[in-house]
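# A structural walkthrough
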Amino acid sequence: MKIVFLHGLYMHGVALLPLSQRLNRLGYQTDVVSYNSVSIDAESVFKEIDTTLDPFTTNVLVGHSLGGLMIKQYLASRNPEPSRVSHVVAIGSPIQGASIAEKLTEMGLGALLGNSPEHGLEKHQDEWTFPQKLGCIAGVLPIGIRPILLDNEQCDGTVTVEETKIVGMADHLKLNSNHTSLLYSHYIPNQIDHFIQYNCFKQPDDR
């Protein structure tokens, strides 16, 4: 089985290498797709995902933050069968948009986001209707800009816990990490492995 990773806003694929390497050690093939997150050419990203997926085995897509939203768009564009892409794991992804993106736009700082709001960061409402099993992971350590600019809603410093949820997801997990440190959690690789095997995360009382 192969796992393909997509990074979030302002990042590069190198940020996902530690997580990728840990899943290598659990027996998975892994690869990382990099893209310009503030000047997104969606079709170019989708074509790179197409060529990165292993045609001879089942694949899993894992996205951090905006990466999870790009995966959501990819599924809508390509409609892959579950035999090709079986699971999606969204780590700190505002799966229906991010209030912090709205706030920055209101403050006249929308240019910092480039065209990323057009690719899922704008607040929107929908449901997960894809055949792929979706697992969402949220951080609850509020270290970041969001608590400074907005309310005290439970968040990872950038994305609220509620923003990481969507009707139709298979499971949801909260971890004591902030938005960026989620990528470096030694706990997440085993959680991804468990989700792939059982369509659910290993909850804290099951550790």
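Now for a description of the structure that goes with this document.

Conventions and cut-offs
- Residues numbered from 1 in each chain as written.
- Predicted model: local features only at pLDDT ≥ 70, side-chain atom pairs only at ≥ 80, totals over all residues.
- Heavy atoms only, no water.
- Helix = DSSP H or I, 4+ residues; strand = E, 2+ residues; numbered from the N terminus.
- Rg over C-alpha atoms; globule rule 2.2 N^0.38 Å.
- Buried < 20%, exposed > 50% of the residue type's maximum accessible area, 1.4 Å probe, protein only.
- Contact = heavy atoms within 4.5 Å.
- Lys, Arg positive; Asp, Glu negative; His and termini not counted.
- Charge placed at Lys NZ, Arg CZ, Asp CG, Glu CD.
- Core = buried A, V, L, I, M, F, W, Y, C linked by side-chain atoms within 4.5 Å.
- Phe/Tyr/Trp six-rings, centres within 6.5 Å; stacked < 30°, edge-to-face > 60°.
- Arc of directions from axis to C-beta.

Here we take up the overall build of the protein chain. Across its full length, the protein chain carries six helices and six strands. Listed N to C, the secondary structure of the protein chain is β-α-β-α-β-α-β-α-β-α-β-α in terms of helices and strands. Its C-alpha atoms give the protein chain a radius of gyration of 16 Å, near enough to 17 Å, the size a compact globule of 207 residues would have. Along the three orthogonal principal directions, the C-alpha set of the protein chain runs to about 50 × 40 × 30 Å. Per-residue burial for the protein chain yields a buried fraction of 52% across its 207 residues. Long-range pairs, those at least 24 residues apart, make up 76% of the contacts in the protein chain with a sequence separation of at least 6. Charged side chains in the protein chain number 15 positive and 22 negative. The centres of these two groups are separated by 5 Å.

A separate point is the nonpolar core. Soluble globular proteins tend to bury their nonpolar side chains together. Within the largest apolar cluster, 32 residues are counted, with the highest numbers of intra-cluster contacts made by Leu 6, Ile 49, Leu 61, Leu 66 and Met 70. Secondary-structure elements contributing two or more residues to this core are β1 (2-6), α2 (42-52), α3 (66-78), β4 (85-91), α4 (99-106) and β5 (133-139). At six residues, α3 tops the list of elements feeding residues into this core. Leu 61 has contacts with Val 4, Ile 49, Leu 53, Ile 71, Tyr 74, Leu 75, Val 85, His 87, Val 88 and Val 89, leaving out every residue within four places of it along the chain. Formed by 22 residues, the second largest nonpolar core is a distinct cluster that contains Ile 3, Ala 15, Val 62 and Phe 201.

The way to describe two aromatic rings as a pair is by their centre distance and the angle between their planes. Summed over all chains, the structure comprises three aromatic pairs. Considering the side-chain rings of Phe 46 and Tyr 74, the 5.8 Å spacing of their centres and the 65° angle between planes classify their relative orientation as edge-to-face. Here Phe 46, found in helix α2, pairs with Tyr 74, found in helix α3; they are 28 residues apart in sequence, far enough to count as distant. You'll find Phe 46 and Tyr 74 in the same group, each marked buried.

Turning our attention to helix α1 (residues 17-25). For α1, the full list of buried residues reads Leu 19, Ser 20, Arg 22 and Leu 23. All buried residues of α1 lie within an arc of 165° about the axis, which places them on one face of the element. Lining the buried residues of α1 we find β1, β2 (29-33), β4 and α6 (188-198). Positive backbone phi, approximately 105°, marks Gly 27, located one or two places after α1.

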